[in-house]
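Overview (structure and organization)
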Amino acid sequence: MARNLILSGGLFHDFAATSAALAEVLAEVGVESEITEDIAGALSEPSEVQLITVNALRWQMDQDRFADLRDEWGFALPAQARTTLLDHLDRGGGLLCMHSASICFDDWQGWPRVLGGCWTWPKSHHPPLGWTGVRVHGEHPVVDGLRDFDVVDEVYSDLDVLPDVEPLASSNGQPLIWARPVRRGRVLYDALGHDTRSYDNEIHRTLLQRAALWLLKRPVTITE
């Protein structure tokens, strides 16, 4: 069974619930997950897992609107943690990044190059949580043959996305999901996943299971 480390926690989301839901989804394809909110501690030494997942909202919070929360919740990713993530990719590991991972680690200039994009204040935004239609694109193994689907979620909009990113799914013209090789490993970003309703959708679950297998460089055989 492959091992997955889920880096969880932060504000404005029920990360305990969504990380548990994600762990359950991935367990169905043989991925065993450990969940931690101690991101710096978990990445303080070389990783021994095959997959690392970022399902968190941890950033410096240097925007004025978050001044009253900064002392308690402001976060900077230590240099050793950055090294651990890059070494993981150098060894061919997979990195699954969910929803608010695009806001995380804003003190690390290299993070958007790893992820493929980032949230940029104040340009980036999202409409209110609600039903949205997700369009699936192309023939990448993660989405090949999957139908478009409707889901209750937030549509992250106007992210700064690298020019070489090719979306695997989008909503209202906004790229939501993409996959890319980084160093010797693989990275997939899924901007969906605000709450557990997103993980209840069968097509989204199938997509995530395929994503895990692709990140682990295993055959992608899950059908909806």
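What you are looking at is a predicted structure, and each value in this text was computed from that prediction instead of being measured.

**Topic: the UniProt feature "domain: ThuA-like" (unreviewed entry) in the chain**
On the UniProt side, "domain: ThuA-like" (unreviewed entry) is annotated at positions that read residues 5-214 here. Here residues 5-214 is 28% helix and 28% strand, with 16 Å between the C-alpha atoms at its ends.

**Some points on the sheet that holds strand 10 (residues 174-182)**
The nine strands are arranged 2-1-3-4-11-10-9-6-7 in an open sheet whose pairing can be described as mixed. Each end of this open sheet is capped by a strand with a single partner; those strands are strand 2 (31-36) and strand 7 (149-153). Taking the axes of each pair of neighbouring strands and ignoring which way they run, one obtains an average angle of 25° across the sheet. One ladder, built from seven bridges, connects strand 1 (residues 2-10) with strand 3 (residues 51-57); its direction is parallel. What sits directly across from Gly-10, in strand 3, is Leu-57.

**Focus: the packing of aromatic side chains**
Tallied over the entire structure, the rule returns 10 aromatic pairs. Taken together, the aromatic side chains of Phe-12, Trp-59, Phe-66, Trp-119, Trp-121 and Tyr-156 make up a single cluster linked through ring pairs.

**A few points about the nonpolar core**
The biggest cluster of nonpolar side chains holds 74 residues, and the ones touching the most others in it are Val-54, Leu-95, Cys-97, Trp-111 and Tyr-189. In this view, Val-54 contacts Leu-7, Leu-95, Leu-96, Cys-97, Met-98, Ala-101, Cys-104, Phe-105 and Trp-111; residues no more than four positions away in its chain are not counted.

**Describing the pattern of salt bridges**
Note on pairing: side chains with opposite charge can pair once their charged atoms come close. With the rule as written, the count across this model stands at seven salt bridges. Notably, a salt bridge pairs Arg-205 with Glu-24, separated by 3.0 Å at the nearest N-O pair. Here Arg-205, found in helix 7 (residues 202-215), pairs with Glu-24, found in helix 1 (residues 15-27); they are 181 residues apart in sequence, far enough to count as distant. Of the charged contacts, one joins Asp-195 and Arg-197 as a salt bridge, the two residues approaching to 2.6 Å between their closest N and O atoms. One salt-bridge network, held together by shared partners, links Glu-24, Glu-28 and Arg-205.

Calculation rules
- Residues numbered from 1 in each chain as written.
- Predicted model: local features only at pLDDT ≥ 70, side-chain atom pairs only at ≥ 80, totals over all residues.
- Heavy atoms only, no water.
- UniProt positions renumbered as here; feature names shortened; annotations may be inferred.
- Helix = DSSP H or I, 4+ residues; strand = E, 2+ residues; numbered from the N terminus.
- Pairing = 2+ DSSP bridges.
- Axes fitted to C-alpha atoms, helices over the stretch in contact; angles between N-to-C directions.
- Phe/Tyr/Trp six-rings, centres within 6.5 Å; stacked < 30°, edge-to-face > 60°.
- Core = buried A, V, L, I, M, F, W, Y, C linked by side-chain atoms within 4.5 Å.
- Buried < 20%, exposed > 50% of the residue type's maximum accessible area, 1.4 Å probe, protein only.
- Contact = heavy atoms within 4.5 Å.
- Salt bridge = Lys/Arg side-chain N within 4 Å of Asp/Glu carboxyl O.

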